[in-house]
Amino acid sequence: TVTDTPESLTRASSPVATLSSLPDEASHSRILKLLRVLHKLNVKVAEGHKGLVAVPESGFINNKLTAKLSRQLEEPMIVASSCLPEWAMDLPLHFPFLFPFSTRFSFLQSTSFGYARLILKWQSQNRGQDTSRRDDNLGFLGRLQRQKVRISRKHIIESAFKVFELYGSSSSILEVEYFDEAGTGLGPTLEFYSLVSREFCRRDLKIWRDADSTHPGQYVHHPTGLFPEPIALAAVAGGGDIAEKKAKVFKIIGQFIAKAMLDSRIIDMNFNKVFLKLILGVEVPLSIETLSVSL
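Please read all numbers here as calculations on a predicted model, not as lab measurements. Throughout this description, residue numbers start from 1 for each chain and increase along the sequence as written. The predicted nature of this model means local features are confined to residues of pLDDT at least 70 and side-chain atom pairs, given and counted, to a pLDDT of 80 or more, with totals for whole chains, interfaces and linings taken over all residues. As a convention, hydrogens and water are excluded, and side-chain values are obtained from all of the structure's heavy atoms.

Draft legend 1. Layout of the side chain of glutamate 199. Within the element layout of this structure, glutamate 199 appears in helix 10 (residues 186–199). Contacts: residue pairs with any heavy atoms within 4.5 Å of one another. Residues within four places of glutamate 199 in sequence aside, it is in contact with Ile156, Ile157, Leu205 and Tyr219. The numbering of helices and of strands both runs from the N terminus, where a helix is a DSSP run of H or I of at least 4 residues and a strand a run of E of at least 2.

Next comes the structure, spelled out in structure tokens:
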């Protein structure tokens, strides 16, 4: 992918890194850091402090910066060749609240989904407009292979495990069809993602905390979102298969979500907010409030 470089990975994983585009002595750097602190406080107010009114997320969005970043992302060759200005990489990664979701998602697609998908995204955005012959030739640079798989509808979860074990790390577009069924193409593929999303919430997988085990049905009851079920320390220390099997399921789920994002497929998995913060490395306060949200 475009951003799989040591420099970009360091920027993405270290929110307190020294940014060359934002020197500490610059006044705008201090303003941005202050805004980040205020935004964190505002999120805490919005998530749990009763009696206090939080500022809408739109209040932190900077329209001028959003327009400048959007113009930068409209040039696929600049993005693909890693020639974006440093501020265009630093601000979305470390100060994402400055941009609306649509711009942040466009940034993610442009910088993290690989060269071929970047070209295809640019072509789809410009389809129907007058393009030069040089632009038309970009289609040869954005070709993606399609990986077709045939699975059993009766064993959908087992098939999903096998598919992502084999093709989870592949950059090709995944297409699904079912045994003894004539349908092929986008329809069965979208159905596959929808069905597997639900199957990953099954109780017999024993990976999610169940808010009410007496609730009818074969799927976990999760009014606050899916949160991993704790594993006993004895099971981990003993080197048993339980922890290893659960870790494998979560790895498959991660590959499933990543593939859905790459191929622009809609899935329905409602994760707990605290769980998502832990995944993203966001600091989560150890409080009764946090515990009540994760239960």
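Draft legend 2. Geometry of the nonpolar core. One finds Ile151, Leu174, Phe192, Phe200, Trp208, Ile253 and Met269 to be the most contacted residues of the largest nonpolar core, which totals 33 residues. Of all the secondary structure elements, the ones that give two or more residues to this core are strand 1 (146–151), helix 9 (156–167), strand 2 (173–178), helix 10, helix 12 (241–262) and helix 13 (273–280). When residues of this core are assigned to their parent elements, the largest contribution, six residues, is made by helix 9. With sequence-adjacent residues up to four places away left out, phenylalanine 200 is seen in contact with Ile157, Phe161, Leu205, Ile207, Trp208, Ile252, Ile253, Phe256 and Met269. Remark: nonpolar core denotes a set of buried residues (Ala, Val, Leu, Ile, Met, Phe, Trp, Tyr, Cys) joined through side-chain atoms within 4.5 Å. Between buried and exposed lies partly exposed: a residue is buried under 20% and exposed over 50% of the maximum accessible area for its type, with that area taken using a 1.4 Å probe on protein chains only. Core analysis: the second largest hydrophobic core is formed by 18 residues, Ala80, Met89, Phe97 and Leu118 among them.

Draft legend 3. Structural context of helix 6 (residues 101–112). Residue count minus one, scaled by 1.5 Å, sets the expected span of a helix. In this model helix 6 runs 16 Å from its N-terminal to its C-terminal C-alpha over 12 residues, within 8% of the 16 Å that 1.5 Å per residue would give. If you check which residues of helix 6 are buried, you get Thr103, Ser106, Phe107, Gln109, Ser110 and Thr111. The first or second residue beyond helix 6 is glycine 114, which carries a positive phi of 95 degrees.

Draft legend 4. Region of interest: the packing of aromatic side chains. When two rings of Phe, Tyr or Trp (its six-membered ring) have centres within 6.5 Å they constitute a pair, described as stacked for plane angles under 30 degrees, edge-to-face for angles over 60, and tilted for the intermediate range. Under the defined criterion, the tally for this structure stands at 14 aromatic pairs. Between phenylalanine 192 and tyrosine 193, the ring centres sit 5.6 Å apart and the planes meet at 80 degrees, which makes this aromatic pair edge-to-face. Its relative accessible area of 0% is what places tyrosine 193 among the buried residues. Taking the centre distance of 6.0 Å and the plane angle of 55 degrees together, the rings of tryptophan 208 and phenylalanine 271 count as tilted. With tryptophan 208 in the loop between helix 10 and helix 11 (233–237) and phenylalanine 271 in the loop between helix 12 and helix 13, this pair connects stretches of sequence that are 63 residues apart. Like tryptophan 208, the residue phenylalanine 271 is buried in the burial classification. An aromatic cluster is built from Phe161, Phe164, Phe192, Tyr193, Phe200 and Phe256, whose rings are joined through pairwise contacts. Distance and angle both matter: a charge sits over a ring if NZ of Lys or CZ of Arg is within 6 Å of the ring centre and within 35 degrees of the ring normal. The residue whose ring lies beneath arginine 153 is tyrosine 178, and the NZ or CZ to ring-centre distance is 4.2 Å. Cation over ring: arginine 198 sits above tyrosine 219, and NZ or CZ is 4.0 Å from the ring centre.

Fair warning: the whole summary comes from geometry, so function is off the table for now.
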